[in-house]
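Below, each chain spelled out in residue letters.
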Amino acid sequence: MQKPIVVVGSINLDLVVGADRIPQVGETIIGHTFNTFHGGKGANQAVAAAKLGYPVSMVGNVGNDAFGTQLRNGLEDAGVDSTYVNTVEGASGVALITTGRGGENNIVVVPGANGHLTPEQLEKAATILEHAGLLLTQLEIPLETVEYLAQFAERHNIPLMLDPAPARELSGKLLRKVSWITPNETETEKLLRTNFENGDQGAYAAAECLLDCGVKNVLLKLGSRGCLIAQGTLAKERVPAFSVNAVDTTGAGDAFNAGFAVGLMRGSTVARSAIFACAVAAISVTHHGAQPSMPTWAEVKAFVNNRLGSEASFLAVESKV
Ligand code: ATP
Ligand code: RIB
C-alpha cells in the first residue's frame, strides 16, 4: 500500500497577462492575452503529483468566494484528496502574473485564505499527516504553520520537503528539521544572505553552505541549467535540464518538486528522481498556465523515451507503481 504524499500549502487563482516582455517599474505596455489558471505553489505540487498517478492529499484553505469553489473542484478533478481543504471567510488567494515571450514571469501573490492556514488546522488534519510517506510544503502560508509542520514531521519521523518559495530568510532551527530543501537561485541567496557566483562552482559552494546550515539534503533548482544534488558527504551531482522551447515557466519549480517527490516515493534513486523531475518540469514549461501544464505519467514516459531512449533507466521504477 502506497503511503500518500501530503501537501500543506497555498491554493491560488492565477490571473495571467501575456506580453512581449515584463514591464519596467513605472512603465505601461500593451499585453496580448489574459487568462485565469488554477495555481498556488501547494496546489500546483499536489495536482502535479496526482497527475503523475501518485495518491496525494492536500491541506490548505480556499475562500468562500466563487474562486474558492472553482479551485476546490480543480483539485478534486485532478485526483487530489481535498478532505482537509477548508473553506474560510473571505477571499481566496490570487496571484497576479505577467509572462514575457521567453517564458519568463513576475508574480505578486495576495495570500487571502492561505494566510489563515494555522497550526490548529494542522492539528485537526493529524490523521492524514501522520500517515504521509512524504510531506511537501512551501512558504505561501504562515511561517508558524510551516514550523509546526516541521516539528510534526520530526516527531513522527516523516521526511519533509521544503520549497523555500517565495524567497525569505529561515532559522537554523527550522532548516535542521528539513529532509529536502529545493531552492532556486534567488531563494538560495536569500537563505544564505549572500550572493553566490554564477556557474557550477558557485552552485556547489552554495549547496555546501546549505548543508552546513543543517539541512539533510539539498536540491538546487537552476532553471534551464537543471539542478544540483547535494547530500551530506556524498559527491555533488548536477543533472542537466532537457532542452525545450519554453513558453511559460510559471510552476516549473512546482512541477519539478512533484516529479522528484513521486520518483522518491516510487522507490527510485535520488539521481533518477532528479532526472524524472527535470523531465516533468521541462514538459510543464512548454505549456501555458501552472496546473494545466502539469504532465501525466504517460506523457513523461513518452518524453523521456524520446529524449533518452534506452538510457531512460528511471523507468525501472515503473513496475512499483
Ligand atoms: P518557478 O518558475 O516555478 O518559480 P523555480 O524558479 O522554482 O520555478 P527553476 O529553477 O526556474 O525553478 O525551474 C525548476 C526546474 O524546471 C529546473 O530545475 C529545470 O529542470 C526546469 N526548467 C526551468 N526552466 C526550464 C527551461 N527553460 N527549459 C527546460 N527546463 C526548465
Ligand atoms: O510557483 C508558481 C505559483 O506561484 C503560481 O501558480 C502562483 O499562484 C504563485 O503562487
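A quick note: this is a predicted structure, and the numbers were derived from the prediction, not measured.

**Quick notes on the overall build of the chain**
Helices and strands together make up the secondary structure of the chain, namely 11 helices and 13 strands. For 321 residues, the compact-globule estimate of 2.2 N^0.38 gives 20 Å, and the chain sits close to it at 18 Å. By its C-alpha atoms, the chain is 50 × 45 × 40 Å across when sized along the principal axes. Here the chain holds 321 residues, and the buried ones make up 52% of them. Total accessible area computed for the chain in this model is approximately 13,500 Å², and 51% of it derives from carbon and sulfur atoms. Averaging the coordinates of the 24 positive side-chain charges in the chain and doing the same for the 31 negative ones gives two points 5 Å apart.

**Quick word on the pattern of salt bridges**
Scanning the entire structure with this criterion turns up eight salt bridges. Two residues, Arg101 and Asp20, come together in a salt bridge whose shortest N-O distance is 2.9 Å. Remark: Asp20 occurs in the loop between strand E2 (12-18) and strand E3 (33-39) and Arg101 occurs in the loop between strand E6 (93-99) and strand E7 (105-110); sequence separation between them is 81 residues. Between Arg225 and Glu185 there is a salt bridge; the shortest N-O distance is 3.1 Å.

**Digging into the site of ligand 2**
Lining the immediate environment of ligand 2, one finds Asn12, Asp14, Gly39, Gly40, Lys41, Asn44, Ala95, Val109, Glu140, Gly251, Asp254 and Ala290. A distance of 3.1 Å is found between an oxygen atom of ligand 2 and a side-chain nitrogen or oxygen belonging to Asn12. Note that an oxygen atom of ligand 2 is positioned 3.0 Å from one of the side-chain N or O atoms of Asn44. Burial of ligand 2 by the surrounding chains reaches 96%, relative to a free accessible area of 280 Å². Those elements giving two or more residues to the shell around ligand 2 turn out to be E2 and helix H1 (41-51). Among the residues forming the shell around ligand 2, the class breakdown is three nonpolar, five polar and four charged.

**Brief notes about the pairing of strand E4 (residues 56-63)**
It is a general feature of regular strands that their side chains alternate between the two faces of the sheet. By the criterion of burial, E4 is predominantly enclosed, with eight of the eight residues buried. Of the two faces of E4, the one holding Val56, Met58, Gly60 and Val62 and the one holding Ser57, Val59, Asn61 and Gly63 are both buried throughout. Examined bridge by bridge, strand E1 (residues 5-8) and E4 share four bridges and lie parallel to one another. In the sheet register, Val6 faces E4, and the bridge partner there is Ser57. Bridge count between E4 and strand E5 (residues 81-88): six bridges; the pairing is parallel. Bridging from a neighbouring strand, Gly63 pairs with Val88 of E5. For the crossover from E4 across helix H2 (residues 66-77) to E5, the handedness is right-handed.

**So, the site of ligand 1**
If you check the shell around ligand 1, you find 17 residues, and the closest are Asn184, Gly223, Gly226, Thr249 and Gly253. The separation between an oxygen atom of ligand 1 and a polar main-chain atom of Gly251 is 3.2 Å. Protein coverage of the free-state accessible area of ligand 1, which is 620 Å², stands at 85%. Contributions of two or more residues to the shell around ligand 1 are made by helix H9 (252-265) and helix H10 (270-285). The element that contributes the greatest number of residues to the shell around ligand 1 is H9, accounting for three residues. Here the shell around ligand 1 is built from residues that sort into nine nonpolar, seven polar and one charged.

**Overview of the sheet that holds strand E11 (residues 217-221)**
What holds strands together in a sheet is hydrogen bonding between their backbones, with the strands either parallel or antiparallel. Strand order in the open sheet formed by nine strands is E5-E4-E1-E8-E9-E10-E11-E12-E13, and the pairing between neighbours is mixed. This sheet does not close on itself; its edge strands, each paired only once, are E5 and strand E13 (237-239). Here E1 pairs with strand E8 (residues 134-137) via four bridges, running parallel. Within E8, the position partnered with Val8 by the bridge is Thr137. The sheet strands contacting H2 are E4 and E5, and the helix crosses E5 at an angle near 175°. Along the sheet, helix H8 (residues 199-212) makes contact with E11, strand E12 (227-231) and E13, crossing E11 at roughly 145°.

**Concerning H2**
In an α-helix, one full turn covers 3.6 residues, which means residues spaced three or four apart are oriented alike. Along its 12 residues, H2 runs 17 Å from first to last C-alpha, staying within 8% of the 16 Å computed at 1.5 Å per residue. Three or more residues of H2 are buried, namely Gly68, Leu71, Arg72, Gly74 and Leu75. Projected onto a plane normal to the axis of H2, the buried residues spread over an arc of 155° and lie on a single side. Residues of H2 that are exposed and point more than 90 degrees away from the buried face comprise Ala66 and Asp77. Where H2 is buried, its residues contact E2, E3, H1, E4 and E5. Phi turns positive, to about 95°, at Gly79, one or two residues after H2.

**Quick word on the side chain of Ser293**
Here Ser293 lies in the loop between H10 and helix H11 (297-308). Separated by 2.8 Å, the side chain of Ser293 and the backbone oxygen of Gly289 make a polar contact. If near-sequence neighbours (up to four positions away) are discounted, Ser293 is found in contact with Ile283, Ser284, His287 and His288.

What counts, and where the lines are drawn
Residues numbered from 1 in each chain as written. Chains lettered and ligands numbered in written order. Predicted model: local features only at pLDDT ≥ 70, side-chain atom pairs only at ≥ 80, totals over all residues. Heavy atoms only, no water. Helix = DSSP H or I, 4+ residues; strand = E, 2+ residues; numbered from the N terminus. Rg over C-alpha atoms; globule rule 2.2 N^0.38 Å. Buried < 20%, exposed > 50% of the residue type's maximum accessible area, 1.4 Å probe, protein only. Areas by Shrake-Rupley, 256 points an atom, 1.4 Å probe, with all protein chains shown as cover. Lys, Arg positive; Asp, Glu negative; His and termini not counted. Charge placed at Lys NZ, Arg CZ, Asp CG, Glu CD. Salt bridge = Lys/Arg side-chain N within 4 Å of Asp/Glu carboxyl O. Near = heavy atom within 4 Å. Polar contact = N/O pair within 3.5 Å; in protein donor to acceptor, adjacent residues only side chain to side chain. Nonpolar A, V, L, I, M, F, W, Y, C, P; charged D, E, K, R; others polar. Pairing = 2+ DSSP bridges. Right-handed = clockwise from strand over helix to strand, strands pointing away. Contact = heavy atoms within 4.5 Å. Axes fitted to C-alpha atoms, helices over the stretch in contact; angles between N-to-C directions. Expected span 1.5 Å × (residues − 1). Arc of directions from axis to C-beta.

So yeah, pure geometry; function would need other evidence.
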